[in-house]
Every structure is written in structure tokens, then in C-alpha cells.
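Descriptive structure summary
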Amino acid sequence: VRNELTDEALEYGTLVARAVEAAGGDALAAAAEDDPSRRRDLVWPVLSELGAWELEPLTSADEAEAAAALCRAAGRWALPFPVAAHLSRPAEVDAEGAFVVAGARPAAPLDGLGGRWVGVTLDGDVADIRARPADRPARKSAFVVELELEPTGLRAAPAEVALAVALPCWSLLGMLDRAVEMTRGYVIERQQFGQPLSRFQSVQFQLTDAEVERLGVEELAKYSLWSIEAGRADALDDALALRLAAVEAAAVVFRICHQLHGAIGFCDETPLSWLSRSSQPLRRLPTNPAATRAELGSRIEGRGLAGLYTPEEARR
Amino acid sequence: LDYEMGHWVASLRSELRELVAEHVPVDYLGAFTADPADLEIAQAFCRLLAERGLLCMAWPEEFGGRGASGWEQTAVREEMWALHEPRGAQYMGVNWVGPTIMRHGTAEQRRRHLPPIASGEVIWCQGFSEPDSGSDLASLSTGARRDGDEWVISGQKIWTSYATMAQWCFLLARTSREERKQQGLTVFLVPMADPAIEVRPIDCMMGPHHLNEVFFDEVRVDDGAVLGTVGDGWSTVQEVLAFERVGIARYARCERLLQWAPVALGDQWADLPPELAAGWARMLVHCRRSRLLAYRVVATQDSGQVRPGDAAAYRIAVTRLDQESAEVLMDIVGCASLGSDEQRRFARAVEDHHRYSVAATVSSGSIEMQRILLSRTLLAAS
């Protein structure tokens, strides 16, 4: 078992995070919120220098792991360009990127982005997207707009669908990383009743609950990536399993991190405020947590999830 | 990334499953029942494992093992726990009493204790907790005083699993009062057959043998019973706990029962409330999550590192999984009419799992202690 990304992929993620920080860090998200039409231009050149747009995650395990590390680093800074969707575009489709779409009112964070973006259903059908005009400022919509879908007759391969589900979870993981790190730093520094908040056991226990959730997502994210890399037949199940855990974890982590930050966590001077708002599209789209559970439940009914026992082996 | 454990681990799993299929009845729910035959099944199974070199495979070759890798040990932990631990209480001797004696024991202690453990002939119990010393173990007061060439042990232990069937006790006692409560503690290897030891079973929801009180009334032992250095027992016990860092592979039984559920229910599965079916899927994801968190610890240990926070995180996740999966499984059983032999076996296994799960967040270090450990490493990290 090898359950760590390669050193090269980890190093690449670190480079990306540093480059984004040097280019403005959290200020990029703020600038995009002020003017959504700048979303692409704020991010594209920074990552271009690092070869991010040449990555083809499904061509090799190395590229897949580099793409995952890239998405995680993008999440740390709540980058205002959908890096994961761009890396998930199906090979046979000429498009800027692909969002997984589902439900009666499909939506995606496309406000301010030009070019051709496509929607991909969990069954692999590819649709052209026409984004409806934004009805709210980006500050409240997190760039999400409703979509009109036009079937193309094209199909995404199962691994491509799985990747389009899994990579956004890597970005969400990056957000959880940063949220927990910031909260840890805050409770160590912030003093009340003459001592740091971190001395209070109720604070310690909440922080550990957040950390357990974050660690769980990290492990499932790596497993899902391996499942895609290895071309496993149940890669989409594995990606949905990751997504289920990630969206549930995000609810716990952001609730705890906000609570431990107190009022300062709501303020725009605190990156948590930006991360928390920016995480919403990743957590709600293409399916909310309840719909994700139902989707996974119906997909794996009768065969369960791959692991130690098949249903037949489980009965002894 | 690669989550395949390889051919050797796969064949080890097959071998273990075949042995269980052949030697353990399908309705077996563990050694600790009111029926003494269940204990005998476990003892016979241990002897069988020992004969095939599978009982102590993690031990170094010089002590009769074959230095199995962390992944092989993981496979054994998973297979045994998933199938209701047909080794009975042996895991205690095999997993940590033996290794601790290898490390700290005298030549005589090794000669005396290791072969019976390796052959699956002996059961050990652990004399740690006391009525006033649970999570705060170092505050214990069972005392051992010097009298000539002997030590005289007096005091009370509690929650001692398997004390009614054990031949030996790995006992932590206070040999002196020092500035710090962690100082002045000593480990003794005490024969349970001593008439000055009284064991009183405590009736509990997990069933017989799980909880006992053990009274030591002037038990006399010589220096040969002291493990390691007098007064240095706390560091020995910390090592013991490190051997058990990963602990029980609870996720394996949870996963097996969850995977069994749709087969056991058959056509009735379609009648489950959608929310319950979705909850079942969610629990399977949580099984995988816990398994991968365990593998995170194993991989780190395999590379010679120690990250105590990871082990604590795993144990927090897996003990919660145990309880949450038990709730979901009980609800699934409650929704169906289970009339066939297999369905009744499934229902009994779920009921057993539920009763055990209640103790998951308390036994072997409560979930609060795990949180304290994790928060320590989290807040100390640079």
C-alpha cells in the first residue's frame, strides 16, 4: 500500500500555493467578487507559469496526482477560477471545462466566465451549457448561475465522470486544510479569561472533531484518485463516496471553525469568511448532501462498496 | 498511490477465511458467552493458528514468529475481528504481553512465558484500571510492598476482562510514593491461580467474562515476577499501549455486517425507507474512511515513524463508526421480517454488534482520552 501522493506531486502543490500567495493570495477572491469578469485573468497567468493547464490527469498517475495537488492548493486560497472543472474536461470535447450537473435545476459557478463550458451527468451524457444571467451579486451567489442544457450526443468516459466528481473534492479538501490551520492558529493566540482559548478542553475537543473529519476526507480523496488512476470499474462509486464524506465533513469543519473564531470569523478581514462562502458551490453542487447520499445508495444497492467483503463473502 | 495489499496478503486472507469456515461454526459470536463450548472453540482455533505459524506471525523469528509486516498483521486483525474474533482473549498475549516481555523480560521470563503464548495455550488479563483510577491510570493505588525477598501485593482492580479464565495477570502496582504519580509504579507478572486473588464477575450488557473485579489480598511474589525495572512501570505501560496503537479493526466487522445486510434481507431490502438505505450507504463510506485512517497509521509505522495524533484520529473515527453503524443495522433489522436461518443469524450478529458498540468509545482508552491526545499533537505541531 502506498497512501501518500508522490513527493513530486506534493512539491508541486506547495509551489502552486506559494505562487498564488505571491500573486495576492486571498486578494484574488476578493477582486473576482468585485468584478466576476476578471475571474479567469486573475488566475490563469499565475498557474500558467507552473504548467497547470497542460496537465492531463487521465494520461498518467503522475499527472493525476499533480492535478489533485493543484486542486487542493487552489482550494486553500479559494481561487476564483474553477480549476477542477477545467482539469475535468472530457478528452473528446473541446471546452474550457466540465461541471457535473444533476437535478431539475442544474447550476454551476459560471458567472463571469466566457468560452464553452459543458455539463456532464453522472451517467456520462455531455450537454452544452447556456448560463442564465446572474440574479445576485457574486458576494451572495458565489458565482453560481442556473444553467440551460443542450444535449450534444457526446459521452464522457466513466473515468472522466469520476474525475469530474473527485477533483472538486480535492479543492474542498484544500479549503478544509486552511480552515483548520487558521482555527488552530487563532485558538492558540486568542486569550480569554487570562489564557489561550486552546487551553479550554471544550475548544480542544471541537478542534479534534474538525481534524478527524478533515483527515477522513484526505484519505478518501487519495483512495478515489487511485481508483481513477487504476481504471477501476467502480471509480465513480468511489468518487461519490468521497463526495459524500467531503460535503458532510465540510459542514462540520466550517461550523466548528466559525464557532471557534467567534465574531472575527464573520469579518472579511479574516480569510475564513471568504473560504466559508466560497465553499458553498462545492458543497451544494451538483447534489446537496442528502441527494448525494441517495445517489450513492441507489448506485451501490445490492453490491455495496468495494472493500474487504463482497456481499457474498460477507454471509460466510 | 496504490491500495492493493499484494498477493501474499490476499492469500493470507483466503487461508484465514478457509480456516474459520472449517473450524468455527457459522453462528459463532465470540468466545465470551455463557456456553463454555464457545471458549473451547477459540482455544482450539488458537492452537490451530499456532501450528500453522499464524498466531504469532508478527513476532521476531528468534521468538518463534516470522516478523510479518504491518500489512499482514492488519489483514489478520481485520479478518479475525470481522468474524467475531475466533482467537478469543489470545490477542492480548500475542499482541502486547508477549512483545513487552520480549523487550523488558529476563531470560527466565521469556523462557517461561513466551512459548505458552506462542502456542495459544495461555490466557492473560490486564490489571490496570481501579475503582478510583480509570482514565487517570497513573493515580492507581494497588500497592506492592517489600517483605524480605518478596513483594506483597494488595488492592483492587476493576473492569478486568477475562480475569475468570486467565492464567496470568499483567499487573501495574505502586511500589513507592514519589513526587509524580507516574513514578513509583512497577509491572508484575502474577499467576491468577494464587489463592490470595479473588475474581468477582460483574454482570454486564456485553455478556460474561468481559468485566470483573479482581482483589489482591496480600499476594506474595518474588523478584522473578517483576517485569523491567522497579519503579519504571509507567514507561513500560506506555510502550504496551504503543503496541496497540492501531487497536481493534472495528471497521472490518461493521463492513461485513453492512455488506451482508442487503443479501440477508433479500426482497425486503426494497421496502426499507429511502432514508435508511441512504444511511446504509453512508455507513459503508464511513467504514472505508476508518479503514483508510487505520492504513495511514500502519503505513507510518511501517516506515519507522510515529504520529500519535493519527492513531487517535483513527480511534475516534472507528469507535463512532461502531456505534453509528450499529444503530443503522438495528434499524434495518427492525424493518424486516427475518424468518430464515440466515436471516436469524444476521439479526443475532447485529444485536451482538450493537451491544458491543456501546462500549467502543469507553474501552481501551475512552474517546475523550483520544481527543486529548489528538489535540495535544495538533496544538503542538509547528
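Our next topic: the overall build of chain A. Along its length, chain A carries 13 helices and seven strands. Taken over the C-alpha trace, chain A has a radius of gyration of 19 Å; the compact-globule value for 316 residues is 20 Å, and the two agree within 12%. Taken over the C-alpha atoms alone, chain A extends approximately 65 × 60 × 40 Å along its principal axes. Classification of the 316 residues of chain A by burial places 57% in the buried group. The long-range fraction of contacts in chain A, counting pairs at least 24 apart against all pairs at least 6 apart in sequence, stands at 69%. Here chain A has roughly 12800 Å² of accessible surface; of this, 49% comes from carbon and sulfur atoms. Placing the 33 positive and 47 negative side-chain charges of chain A at their respective mean positions leaves the two points 6 Å apart.

Attention now goes to a negative patch on the surface. Residue and element names in this part refer to chain A. Taken together, the side chains of D7, E8, E11 and D62 present a region of like negative charge at the surface. With three residues, helix α1 (residues 7-22) is the single largest residue contributor to the negative patch. Note on D7: relative accessible area 63%, which makes it exposed.

Residue and element names in this part refer to chain A. An order of β1-β3-β4-β5-β2 is seen for the five strands of this open sheet, with the pairing classed as mixed. The open sheet is flanked by β1 (97-100) and β2 (107-108), the only strands paired with a single partner. Note: strand β3 (residues 117-120) against strand β4 (residues 125-131), three bridges, orientation antiparallel. Paired with V120 across the bridge in β4 is V126.

Moving on to the interface of chain B and chain A. With 58 residues of chain B at the interface, the matching set in chain A holds 55 residues. Both sides together, the interface formed by chain B and chain A hides about 5200 Å², and carbon and sulfur atoms give 61% of it. Interface area lost by chain B to chain A is led by L1(B), Y3(B) and R288(B), which between them contribute 18%. Residue R296(B) pairs with E219(A) through a salt bridge whose shortest N-O separation is 2.4 Å. Of all the secondary structure elements, the ones that give two or more residues to the side of chain B that touches chain A are α1 (7-23), α3 (70-82), α7 (250-265), α8 (274-302), α9 (308-334), α10 (341-358) and α11 (367-380) of chain B. Broken down by class, the residue content of the side of chain B that touches chain A amounts to 34 nonpolar, four polar and 20 charged.

Attention now goes to the packing of aromatic side chains. On inspection of all chains with the given rule, the structure shows 20 aromatic pairs over all chains. Arranged with centres 6.5 Å apart and planes meeting at 90 degrees, the rings of Y91(B) and Y162(B) form a pair that is edge-to-face. Highlighted residues: Y91(B) in helix α4 (residues 90-104) and Y162(B) in the loop between β3 (150-158) and β4 (168-174), separated in sequence by 71 residues. Both residues of the pair, Y91(B) and Y162(B), count as buried. Counting every residue linked through ring pairs, the aromatic cluster contains W44(A), W53(A), F81(A), F99(A) and W117(A). Here the basic side chain of R277(A) rests over the ring of W274(A), its NZ or CZ set 4.6 Å away from the ring centre.

All right, on to the side chain of R283(A) then. You can see R283(A) is positioned in helix α11 (residues 280-284). Filtering out sequence-adjacent residues up to four positions away, R283(A) remains in contact with L172(A), R243(A), V247(A), A250(A), A251(A), F254(A), N288(A) and P289(A).

Residues and elements named next belong to chain B. Viewed as axis vectors pointing N to C, α3 and α8 meet at an angle of 150 degrees, and their least axial separation amounts to 10 Å. Considered as vectors, α3 and α8 are oriented roughly antiparallel to each other. Crossing geometry of α3 relative to α8 is assigned as right-handed. Contacts between α3 and α8 involve G70, W71, T74, R77 and E78 from the first element and R291, Y295, V298, A299 and D302 from the second. Class assignment of the residues belonging to the contact of α3 with α8 gives a composition of four nonpolar, two polar and four charged.

Counting residues in hydrophobic clusters, the biggest one holds 234 residues, and the most contacted among them are L47(A), V83(A), F170(B), F188(B), Y251(B), W280(B) and F346(B). Among the elements that take part in this core, helix α7 (residues 158-189) of chain A stands out by supplying 17 residues, more than any other. Dropping the residues within four chain positions of it, W280(B) is found in contact with G297(A), I300(A), E301(A), G302(A), G304(A), L258(B), A261(B), P262(B), W269(B), V328(B) and I332(B).

This paragraph deals with the packing of helix α8 (residues 201-229) of chain A against α9(B). Axis angle and axis distance: for two packed helices, these are the angle between their axes and the distance between the axes, and together they describe the pair. Look at α8(A) against α9(B): their axes get within 10 Å of each other, and the N-to-C directions meet at 90 degrees. Taken together, the axis directions place α8(A) and α9(B) in an arrangement best described as roughly perpendicular. Across the interface between the two elements, D209(A), V212(A) and L215(A) from α8(A) touch D310(B), A313(B), I316(B), A317(B) and R320(B) from α9(B). Considered class by class, the residues forming the contact of α8(A) with α9(B) number five nonpolar, no polar and three charged.

To continue, consider helix α10 (residues 271-278) of chain A. Within α10(A), six of the eight residues are buried, which leaves the element mostly enclosed by the surrounding structure. Where α10(A) is buried, its residues touch α2 (26-34), α4 (61-76), α6 (138-141), α7, α9 (235-261) and α11 of chain A.

This brings us to unusual backbone geometry. In this structure, P286(A) follows L285(A) across a cis peptide bond, with omega equal to 5 degrees. On the secondary structure map, P286(A) appears in the loop between α11 and α12 (289-300). Despite not being glycine, E218(B) has its phi angle at roughly 60 degrees, a positive value. Along the chain, E218(B) turns up in strand β7 (residues 212-222). Unlike most non-glycine residues, S364(B) shows phi in positive territory, near 55 degrees. The topology assignment puts S364(B) in the loop between α10 and α11.

Spacing of three or four residues puts side chains on the same side of an α-helix, whose turn is 3.6 residues. In a regular helix each residue adds 1.5 Å, so twelve residues correspond to 16 Å; α12(A) covers 17 Å between its end C-alpha atoms and thus fits that length. Among all positions in α12(A), only T292(A), L296(A), G297(A) and I300(A) are buried. Mapping the buried residues of α12(A) onto a view down its axis gives an arc of 130 degrees, with all of them on the same face. Where the residues of α12(A) are buried, they touch α9 of chain A together with α8 of chain B.

Conventions we followed
- Residues numbered from 1 in each chain as written.
- Chains lettered and ligands numbered in written order.
- Predicted model: local features only at pLDDT ≥ 70, side-chain atom pairs only at ≥ 80, totals over all residues.
- Heavy atoms only, no water.
- Helix = DSSP H or I, 4+ residues; strand = E, 2+ residues; numbered from the N terminus.
- Rg over C-alpha atoms; globule rule 2.2 N^0.38 Å.
- Buried < 20%, exposed > 50% of the residue type's maximum accessible area, 1.4 Å probe, protein only.
- Contact = heavy atoms within 4.5 Å.
- Areas by Shrake-Rupley, 256 points an atom, 1.4 Å probe, with all protein chains shown as cover.
- Lys, Arg positive; Asp, Glu negative; His and termini not counted.
- Charge placed at Lys NZ, Arg CZ, Asp CG, Glu CD.
- Patch = residues over 30% accessible without salt bridge, like charges linked within 9 Å, V, L, I, M, F, W, Y side chains within 5 Å.
- Salt bridge = Lys/Arg side-chain N within 4 Å of Asp/Glu carboxyl O.
- Pairing = 2+ DSSP bridges.
- Buried area = accessible area lost by both parts, 1.4 Å probe.
- Nonpolar A, V, L, I, M, F, W, Y, C, P; charged D, E, K, R; others polar.
- Phe/Tyr/Trp six-rings, centres within 6.5 Å; stacked < 30°, edge-to-face > 60°.
- Lys NZ or Arg CZ within 6 Å of the ring centre and 35° of its normal.
- Axes fitted to C-alpha atoms, helices over the stretch in contact; angles between N-to-C directions.
- Parallel < 35°, antiparallel > 145°, perpendicular 65-115°, else oblique.
- Left-handed = near helix turned anticlockwise from the far one by under 90°.
- Core = buried A, V, L, I, M, F, W, Y, C linked by side-chain atoms within 4.5 Å.
- Expected span 1.5 Å × (residues − 1).
- Arc of directions from axis to C-beta.

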